[in-house]
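Listed below are the residues making up each chain.
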Amino acid sequence: MPRWKDLPDELDPQVGEFTGHLRQIVDRAGLSVAALADRTGYGRASWERYLNGRLLAPKGAVVALAEVTGTDPARLIALWEPAERAWSRSELRQDRAAEAVRLSRARTVTSPTPGIAGPAGVSPALPRTTAEPADARPAAPPGPHARRPAVFLAAAVGVVLVAVGAFLLTDGGTPPPDRTAAASPPPSAVSSPTPPAGVGCVGAGCAGKDAEKMGCGGPLATTARSVTVGGTLVEVRYSETCGAVWGRITRAAQGDQVRLTVGSARQAGDITAAGDTIAYTPMLATDDPATAQVCAALASGEQGCTR
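In this report, the structure presented in the accompanying data block is examined.

Conventions used here
Residues numbered from 1 in each chain as written. Predicted model: local features only at pLDDT ≥ 70, side-chain atom pairs only at ≥ 80, totals over all residues. Heavy atoms only, no water. Helix = DSSP H or I, 4+ residues; strand = E, 2+ residues; numbered from the N terminus. Buried < 20%, exposed > 50% of the residue type's maximum accessible area, 1.4 Å probe, protein only. Contact = heavy atoms within 4.5 Å. Areas by Shrake-Rupley, 256 points an atom, 1.4 Å probe, with all protein chains shown as cover. Pairing = 2+ DSSP bridges. Axes fitted to C-alpha atoms, helices over the stretch in contact; angles between N-to-C directions. Parallel < 35°, antiparallel > 145°, perpendicular 65-115°, else oblique. Nonpolar A, V, L, I, M, F, W, Y, C, P; charged D, E, K, R; others polar.

The number of helices and strands found in the protein chain is eight helices and nine strands. The burial tally for the protein chain puts 34% of its 307 residues in the buried class. For the protein chain, long-range pairs separated by at least 24 residues make up 57% of all intrachain contacts whose partners lie at least 6 apart in sequence. When the accessible surface of the protein chain is summed, it comes to about 18200 Å², and 57% of that surface belongs to carbon and sulfur atoms.

As structure tokens, then:
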């Protein structure tokens, strides 16, 4: 049985080429996915997604892979950059396609039904009349007593029709349910954020979760602020798409810790295995990365924060 699954057919060729290169590096190093996760600080589930083409490996994971396998990081980053641009273009196309589908469905739902008139979508039925053949008329006009029931019935029908028409055209009655309006989604449902393909959470739903596993990292993440403590880089990582932040330390060592604070909420991560150089915290929800602070407490005793 082959070790690697076939890459998705819809994967961009540049991303596919880069993913294949990562597989070759891992194979040459003789690393299992579990060992790769232990040595790089990126989770096993994340590496499975990277190596199977379901998510582009973020720059930090690429650098970590180069470090643990003895690969030239500059050469690997040079291959990663065009793949990252191709991945971003693919994500943009998917977002536009999803938006087009959503708008098409919205237009279908809100289009009026052809042939239905009136504010409530109901057209009152009128009495049907049929011309009476001339030879069916009586030879002599009926007497006054014979005409009274017919006159009374016609008058009663006229009164009923007038009353029904007034009832429907004024605010005095409740019109029949408008099926077109009922089928339209409420404004809150339309305006609620929908994460793009590959993203597993948004806002409060991201709290306490792994940024890489949720698809919030890679091209969707930026470094909001950073500081260097000793030789360790300390970063506030932010994803506007996910509405969340997390803390990360790189060039770190065993025993180093990273802490994230947003208001009264906190998350932490550390490096426990020898040889690992990267650690990051679970996420906290925020739409303003300026509210986040990331601190590092190094095994050497040095400490520092982003602000």
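Taken across its seven residues, strand β3 (residues 244–250) has seven buried, putting it largely inside the fold. Of the two faces of β3, both are covered, the one formed by Ala244, Trp246, Arg248 and Thr250 as well as the one formed by Val245, Gly247 and Ile249. Sheet topology note: the strand β2 (residues 232–239)/β3 ladder contains seven bridges and is antiparallel. Residue serine 239 lies in a different strand from β3, and its bridge partner there is alanine 244. The turn linking β2 back onto β3 is made up of four residues, and glycine 243 within it adopts a positive phi angle of 65 degrees. Inspection of the sheet shows β3 paired to strand β7 (residues 284–285) by two bridges, in the antiparallel sense. Directly across from alanine 244, in β7, lies its bridge partner alanine 285. Bridging between β3 and strand β6 (residues 279–280) involves two bridges; their strand directions are antiparallel. By the bridge assignment for β6, arginine 248 is matched with tyrosine 280.

Let us now look at the sheet that holds strand β9 (residues 303–305). The strand order across the open sheet formed by four strands is β5-β4-β8-β9, and the pairing between neighbours is antiparallel. If you trace the sheet from one side to the other, it starts and ends with β5 (265–270) and β9, each paired once. Here the average twist between neighbouring strands, direction ignored, is 15 degrees. Relative to strand β8 (residues 292–297), strand β4 (residues 257–262) runs antiparallel, the two being bridged by six bridges. Bridged to leucine 260 within β8 is valine 294.

It is worth spelling out the packing of helix α2 (residues 33–40) against helix α4 (residues 59–69) at this point. Close contact between α2 and α4 brings their axes to 9 Å; oriented N to C, the two are set at 100 degrees. It follows from the interaxial angle that α2 and α4 lie roughly perpendicular. Along its contact with α2, which presents Leu36, Arg39 and Thr40, the element α4 presents Ala64, Leu65 and Val68. Residue composition of the contact of α2 with α4, by class: four nonpolar, one polar and one charged.

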